[in-house]
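Structural overview
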Amino acid sequence: FGVDTLTEEQYDESKKISFKLLYGGITEEYRHVPYFMAVQKLVDYLWSSFQEKGYITSPIGQRKLYGCNMKDMYPQTLFNYFIQLHETEQNIMTLERVLPMFDGSLSKLFMYTYDSILIDLHKSDGVEFIRKVKDLLECDNTYPTKVYVGATYHELLNVTDRFH
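Residues numbered from 1 in each chain as written. Predicted model: local features only at pLDDT ≥ 70, side-chain atom pairs only at ≥ 80, totals over all residues. Heavy atoms only, no water.

The next subject is the packing of helix α1 (residues 8-24) against helix α3 (residues 75-98). Packing of α1 against α3 leaves a shortest axis separation of 8 Å and a crossing angle of 110 degrees. Between α1 and α3, the interaxial angle falls into the category roughly perpendicular. Every residue of α3 that contacts α1 at Leu21, Leu22, Tyr23 and Gly24 is listed here: Gln76, Phe79, Asn80, Ile83 and Glu87. (Axes fitted to C-alpha atoms, helices over the stretch in contact; angles between N-to-C directions. Helix = DSSP H or I, 4+ residues; strand = E, 2+ residues; numbered from the N terminus. Parallel < 35°, antiparallel > 145°, perpendicular 65-115°, else oblique. Contact = heavy atoms within 4.5 Å.)

Right, let's talk about the packing of aromatic side chains for a bit. All chains considered together, the criterion is met by six aromatic pairs. Their ring planes at 70 degrees and their centres at 6.2 Å tell us that Tyr30 and Phe36 sit as a pair that is edge-to-face. By relative accessible area, Tyr30 is classed as partly exposed at 22%. The interplanar angle of 85 degrees and the centroid separation of 5.2 Å between the aromatic rings of Phe102 and Phe129 together place this pair among those described as edge-to-face. (Phe/Tyr/Trp six-rings, centres within 6.5 Å; stacked < 30°, edge-to-face > 60°. Buried < 20%, exposed > 50% of the residue type's maximum accessible area, 1.4 Å probe, protein only.)

The next subject is unusual backbone geometry. In this model, Asp140 sits at a positive phi of 60 degrees, which is unusual for a non-glycine residue. Positive phi is not limited to glycine here, since Asn141 has a value of about 65 degrees. By the secondary structure assignment, Asn141 is in the loop between α4 (126-138) and β5 (148-149). A relative accessible area of 65% places Asn141 in the exposed class.

See the structure below:
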């Protein structure tokens, strides 16, 4: 947007553009942006490796994604599978660190979906419990998190500022 600080609307728009480019392919209009140049380089590398070997390997679990198990494979589709596999493996490792906190706790990890967890927090565990969970999820500030509270899923309020 040619500015040093984005407005909330510009930030939202940039997120939409980024997701469209990451999951749909980097268009010529954005290939000059260093981040998207690097993404395209990774897409090309994965595709070349896939064409040569018939599979790609996940960076964390070293799991192989074979072409014979996937239909209609294109470079961007392969990249999307790669991203999803990497996120899943990363999330499993993160959950392995977080789940032991719930042993002996009255709070329960109620639901996990893609990039969020829902905790049924018992008052006796207190706010410090959430702070510890947040710290573990953030992996030394690598993955910033937000905290929402509410009586129901549809009544959640962002209270992230209270946990800095």
